[in-house]
Amino acid sequence: MDYEEFCDVTGNSQRLLNQIYDSGSPIGQATNRKLMRDLRIYMAVGGMPQAVEAYVAGKNFSEIDMVKRQIITLYEEDFKKIDTSGSLLLKPFYLVPFISV
């Protein structure tokens, strides 16, 4: 899920961001803080639909992190079916940082 889709699901207006960009004029600190907060939340939650669903349902970031870890576990299990040693395909997952807010 990209940022625009995330905004639609969470009720934030991507249209406002587009209008600000198109106007080319500076925005106030309050608007900047809100937009930056929304972006940070998106970066922390990520674009996995299950994680976004958990966020919308009011889950805290620890619970959202658990959802993401469960998804990665499912991927790991699928990869092990292809590469029974598990060594070749799993390494990239451990290079992806988990962000908490």
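Here the structure is a predicted model, which is why all the values come from computation and not from measurement. (Residues numbered from 1 in each chain as written. Predicted model: local features only at pLDDT ≥ 70, side-chain atom pairs only at ≥ 80, totals over all residues. Heavy atoms only, no water.)

(A) Examining the packing of helix H1 (residues 3-10) against helix H4 (residues 49-56) more closely. One can describe the packing of H1 onto H4 by two numbers: an axis separation of 10 Å at closest approach and a directional angle of 30°. Accordingly, the angle class assigned to the pair H1 and H4 is roughly parallel. Here H1 and H4 pass one another in a crossing that is right-handed. Between H1, through Phe 6, Val 9 and Thr 10, and H4, the contact on the second element is made entirely by Val 52, Tyr 55 and Val 56. Of the residues belonging to the contact of H1 with H4, the class tally is 5 nonpolar, 1 polar and no charged. (Axes fitted to C-alpha atoms, helices over the stretch in contact; angles between N-to-C directions. Helix = DSSP H or I, 4+ residues; strand = E, 2+ residues; numbered from the N terminus. Parallel < 35°, antiparallel > 145°, perpendicular 65-115°, else oblique. Left-handed = near helix turned anticlockwise from the far one by under 90°. Contact = heavy atoms within 4.5 Å. Nonpolar A, V, L, I, M, F, W, Y, C, P; charged D, E, K, R; others polar.)

(B) Region of interest: the nonpolar core. By size, the foremost hydrophobic cluster in this structure holds 12 residues: Tyr 3, Phe 6, Cys 7, Ile 41, Tyr 42, Val 45, Ala 51, Val 52, Ala 54, Ile 64, Val 67 and Ile 71. Of all the secondary-structure elements, those providing two or more residues to this core are H1, helix H3 (29-45), H4 and helix H5 (61-82). Every residue in contact with Ala 51, bar those within four places of it in the chain, is listed here: Val 45, Ile 64, Val 67 and Lys 68. (Core = buried A, V, L, I, M, F, W, Y, C linked by side-chain atoms within 4.5 Å. Buried < 20%, exposed > 50% of the residue type's maximum accessible area, 1.4 Å probe, protein only.)

(C) Representation of the pattern of salt bridges within the structure. Under the criterion given, the structure shown has 4 salt bridges. Between Asp 38 and Lys 34 there is a salt bridge; the shortest N-O distance is 2.5 Å. Placement of the pair is Asp 38 and Lys 34 together in helix H3, with a separation of 4 residues, close to one helical turn. Taking the relative accessible area as the measure of exposure, Asp 38 reaches 6% and is therefore buried. Here Asp 65 ties to Arg 69 by a salt bridge, and the two come within 2.8 Å at their closest N and O atoms. Here the residue Asp 65 and the residue Arg 69 both occupy positions in helix H5, the gap between them amounting to 4 residues, near one helical turn. (Salt bridge = Lys/Arg side-chain N within 4 Å of Asp/Glu carboxyl O.)

(D) Representation of H3 in the model. With 17 residues, H3 ought to run about 24 Å at 1.5 Å a step, and its terminal C-alpha atoms sit 24 Å apart, in line with that. Buried within H3 are the following residues: Leu 35, Asp 38, Ile 41, Tyr 42, Ala 44 and Val 45. Considering only its buried residues, H3 is in contact with H1, helix H2 (14-23), H4 and H5. The positive-phi residue at the C-terminal boundary of H3 is Gly 46, with phi of around 85°. (Expected span 1.5 Å × (residues − 1).)

(E) Seen up close, the side chain of Gln 14. Inspection of the secondary structure assignment puts Gln 14 in helix H2. Among the residues examined, Gln 14 registers a relative accessible area of 13% and is labelled buried. Excluding residues within four positions of it along the chain, Gln 14 makes contact with Tyr 3, Glu 4 and Cys 7.

(F) Structural detail: the packing of aromatic side chains. With the rule as written, the count across this model stands at 4 aromatic pairs. One aromatic cluster is present, formed by Tyr 3, Phe 6, Tyr 42, Tyr 55 and Phe 61 through successive ring pairs. (Phe/Tyr/Trp six-rings, centres within 6.5 Å; stacked < 30°, edge-to-face > 60°.)

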